[in-house]
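As a plain string of letters, each chain reads:
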Amino acid sequence: MNPLGGRCLALFVAVVVTADRLTKAVVTATMTLGESLEVVPGFFSISYVRNPGGAFGLLAGFEAGLVRPLFITITFVAVGALAWLFFHTDPRDRIERIGLTAICGGALGNLYDRVVGGEVVDFLDFYVGQWHWPAFNVADSFITLGAVALLVSSLLPRRGHGS
């Protein structure tokens, strides 16, 4: 049995979505919108914000009636493409499969927010002085880690059909 097959895909996606949902639930239940709790002075805070746009607030200023369906549609297409790639990737390419799965789980975590609340809950706030990286969440972290895994996988030599 392939250790990184369909069941593993489903389990890992479920873990990512659950971790994302739980962290967002804690933030929304214990903080008010706009509230910030400094964790590491001058570097990291938990800051409850909502993002109606995409990554880095992309399209956040546009009409929600247009942006929300656009991002929901893009996410469904992306998740379908990721699943297709997963099942058409050599099972021995574990790093690539893990990357695809992490991105899929993160996309589904943020999709939940968009479908249910119209906006994505963000709360991880890194900064130095007045410079702030845009706030993000656990789903975004998995999307980023998945992209790094795909990059690493693309740099590794490919196995031949006979290896």
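Parameters at a glance
- Residues numbered from 1 in each chain as written.
- Predicted model: local features only at pLDDT ≥ 70, side-chain atom pairs only at ≥ 80, totals over all residues.
- Heavy atoms only, no water.
- Phe/Tyr/Trp six-rings, centres within 6.5 Å; stacked < 30°, edge-to-face > 60°.
- Helix = DSSP H or I, 4+ residues; strand = E, 2+ residues; numbered from the N terminus.
- Buried < 20%, exposed > 50% of the residue type's maximum accessible area, 1.4 Å probe, protein only.
- Lys NZ or Arg CZ within 6 Å of the ring centre and 35° of its normal.
- Axes fitted to C-alpha atoms, helices over the stretch in contact; angles between N-to-C directions.
- Parallel < 35°, antiparallel > 145°, perpendicular 65-115°, else oblique.
- Left-handed = near helix turned anticlockwise from the far one by under 90°.
- Contact = heavy atoms within 4.5 Å.
- Pairing = 2+ DSSP bridges.
- Patch = residues over 30% accessible without salt bridge, like charges linked within 9 Å, V, L, I, M, F, W, Y side chains within 5 Å.
- Areas by Shrake-Rupley, 256 points an atom, 1.4 Å probe, with all protein chains shown as cover.
- Salt bridge = Lys/Arg side-chain N within 4 Å of Asp/Glu carboxyl O.

**Some details on the packing of aromatic side chains**
Remark: the centre distance and the inter-plane angle together describe each pair of aromatic rings, the angle taken between the planes.
So, point 1. The final tally for this structure, using the stated rule, is 6 aromatic pairs.
So, point 2. The interplanar angle of 75 degrees and the centroid separation of 6.1 Å between the aromatic rings of Phe12 and Phe142 together place this pair among those described as edge-to-face. Here Phe12, found in helix 1 (residues 6-30), pairs with Phe142, found in helix 4 (residues 138-155); they are 130 residues apart in sequence, far enough to count as distant.
So, point 3. Note on Phe43 and Phe126: the rings are 5.4 Å apart at their centroids and 75 degrees apart in plane angle, and the pair reads as edge-to-face. Taken together, the positions of Phe43 in the loop between strand 1 (36-40) and strand 2 (44-51) and Phe126 in strand 3 (residues 120-128) put the pair 83 residues apart, joining distant regions of the chain.
So, point 4. You can call Phe43 partly exposed: its relative accessible area is 40%.
So, point 5. An aromatic cluster is defined as three or more aromatic residues linked by ring pairs; in this entry it consists of Phe43, Phe44, Phe126 and Phe136.
So, point 6. The cationic tip of Arg114 hangs over the ring face of Phe71; the distance from NZ or CZ to the ring centre is 4.6 Å.

**Topic: the packing of helix 3 (residues 94-117) against helix 4**
So, point 1. Running from N to C, helix 3 and helix 4 point in directions that differ by 160 degrees, and their axes come no closer than 7 Å. Comparing their axes, helix 4 and helix 3 come out roughly antiparallel. Relative to helix 4, the crossing made by helix 3 is left-handed. Here Ile95, Glu96, Gly99, Leu100, Ala102, Ile103, Gly106, Ala107, Gly109 and Asn110 of helix 3 lie close against helix 4, whose contacting residues are Ala139, Asp140, Phe142, Ile143, Gly146, Ala147, Ala149, Leu150, Val152 and Ser153.

**A short note on the sheet that holds strand 3**
So, point 1. Taken in spatial order, the 4 strands line up as 1-2-3-4 in an open sheet, and their pairing is antiparallel. Each edge of the sheet is formed by a strand with only one pairing partner; in this case those strands are strand 1 and strand 4 (131-132).
So, point 2. Strand direction decides the pairing type here: strand 3 and strand 4, joined by 2 bridges, are antiparallel. Residue Tyr127 lies in a different strand from strand 4, and its bridge partner there is His132.

**Observations regarding the pairing of strand 2**
So, point 1. As judged from the 4 bridges shared by strand 1 and strand 2, these two strands associate in the antiparallel manner. Paired with Leu37 across the bridge in strand 2 is Ile46.
So, point 2. Looking at chain direction, strand 2 and strand 3 are connected through 6 bridges and run antiparallel. When the bridges of strand 3 are listed, Arg50 appears paired with Val121.

**So, a nonpolar patch on the surface**
So, point 1. Together, Val39, Val40, Phe43, Phe126, Val128, Trp131 and Trp133 line one region of the surface with nonpolar side chains, adding up to about 660 Å² of accessible area.
So, point 2. Contributions of two or more residues to the nonpolar patch are made by strand 1 and strand 3.

**A closer look at the pattern of salt bridges**
So, point 1. Scanning the model with the defined rule gives 4 salt bridges in all.
So, point 2. Residue Asp20 is joined to Lys24 by a salt bridge in which the shortest nitrogen-to-oxygen separation is 2.8 Å. Of this pair, Asp20 and Lys24 both sit in helix 1, separated by 4 residues, roughly a single helical turn.
So, point 3. Overlapping salt bridges bring together Asp20, Arg21, Lys24 and Asp113 as one network.

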